[in-house]
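# Architecture at a glance
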Amino acid sequence: MSDITLSDLQELQSPAADETLQMDQESFRALYERTARPIWVYLWRRTGDTQLADDLLQETYYRFLRARVPHENESHRRNYLFRIAANLVHDSHRHSLRYAPLPEEGEPGYPSIAPNAPGRDADLQRAMAKLSRRQRDALWLAYAEGSSHIEIAETLGLKTSSIKLILFRARRKLARLLRSGGKES
Amino acid sequence: MMAVECSREADLLEALASGRWPDRLGVDLDAHVAKCALCSDLGTVFHSIRRDRGAAMAAARIPSAGLVWWKAEIRARQEAIRAAARPINLVLPIAGACGIGTALGLLSRGSFLSEAAWISEMAGIWQDNPLPFYLLCAGAALVVLLTPVALYFVFSDD
């Protein structure tokens, strides 16, 4: 975001400024109001960092706005946004150590997790951290967002037929971890 | 083969989505969940994730739509400017190299001679071996042609 000149800012006032984005500001605002909060929550839960969730949210909508992808309906738009977000989280995990799994009680770093932070279920977060990326995403989309198997497959770029098995294994493992307080048997 | 889905899953999901887990499932479904590991897992996981999501949604402080739009616009414009500048970045070194080549060629061919001697020297080259002369002319022509184009891109906004 560096190298912004005054003339750049002035040109933003002109109608030509949004020619490179795939919708106008009013349409964007309406879409954002409907979709941003669940996407931000997904990003927050997957990264554990509110600042990073803000950055990834910005990047998600930027990529959405720049993509020349025709959307059949609202559901398709929403799935596409989640797909971008999921890929960004994956990229962040690959390029950073900021999202290492939450440490166990007694391990270095445990007190800083702030299990009593607003809106945070530390047991669930710790248990989720022991699942694979695909399992976490599938569970979140299925049960937090209420996505169908077809929508999950579309979002994660997987075959629809594989979703049932991924969810089964993820449910079984997560339920076991939750019942045992996060300890793997 | 191990079953991965229970026939009562749809009923349970409906009960979960309507907030009837775990105490208000109804006698029939409650009895089923008690003996079905698949449904028990589903109930535990669904309930935990939904509760976590609900708390996170309530605590979420997301950036405003206006801010996100504004940042996207600035970035889109910056990228458009960068994309427009890309050909100039390619052309300028080529034009520069042509100019330097031309200058060096002229110097090596006796630009320190008098004008008349220089012209006669060039005429000699033309007759003996015209290829270097053609290259020099091509380089000079390229500089002459590309300089205004490059200047146009540099000083225009879009």
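Residues numbered from 1 in each chain as written. Chains lettered and ligands numbered in written order. Predicted model: local features only at pLDDT ≥ 70, side-chain atom pairs only at ≥ 80, totals over all residues. Heavy atoms only, no water.

With that out of the way, let us pick up the interface of chain B and chain A. Many authors give the size of an interface as the accessible area that is lost as the parts come together. Taken together, the 46 residues of chain B in the interface contact 59 residues of chain A. Approximately 4,600 Å² of surface area, both sides summed, lies buried where chain B meets chain A, with 64% of it carried by carbon and sulfur atoms. Of all residues in chain B, the largest losses of buried area upon contact with chain A belong to I49, W69 and R77 of chain B, amounting jointly to 16% of the total for that side. Applying the counting rule to chain B against chain A returns six salt bridges. One salt bridge in this structure joins R66 of chain A and E79 of chain B, with 3.3 Å as the shortest N-O distance. Between the two partners, chain B and chain A, sit 17 residue pairs in polar contact (both at pLDDT 80 or more). In terms of residue class, the side of chain B that touches chain A is made up of 25 nonpolar, six polar and 15 charged. (Contact = heavy atoms within 4.5 Å. Buried area = accessible area lost by both parts, 1.4 Å probe. Salt bridge = Lys/Arg side-chain N within 4 Å of Asp/Glu carboxyl O. Polar contact = N/O pair within 3.5 Å; in protein donor to acceptor, adjacent residues only side chain to side chain. Nonpolar A, V, L, I, M, F, W, Y, C, P; charged D, E, K, R; others polar.)

Mean pLDDT over chain B works out to 82, with 89% of the residues at or above the 70 mark. Across chain B, the secondary-structure element scoring lowest on mean pLDDT is helix α5 (residues 115-128) of chain B, at 70, and the one scoring highest is helix α3 (residues 37-59) of chain B, at 93. (pLDDT = per-residue confidence, 0-100. Helix = DSSP H or I, 4+ residues; strand = E, 2+ residues; numbered from the N terminus.)

Residues and elements named next belong to chain A. Interaxial distance between helix α2 (residues 25-47) and helix α6 (residues 133-144) falls to 12 Å at its minimum, and their mutual angle equals 150°. At the point where α2 passes α6, the crossing takes the right-handed sense. Together, V41, Y42, R45 and R46 of α2 and R133, R136, D137 and W140 of α6 make up the contact between the two elements. Broken down by class, the residue content of the contact of α2 with α6 amounts to three nonpolar, no polar and five charged. (Axes fitted to C-alpha atoms, helices over the stretch in contact; angles between N-to-C directions. Left-handed = near helix turned anticlockwise from the far one by under 90°.)

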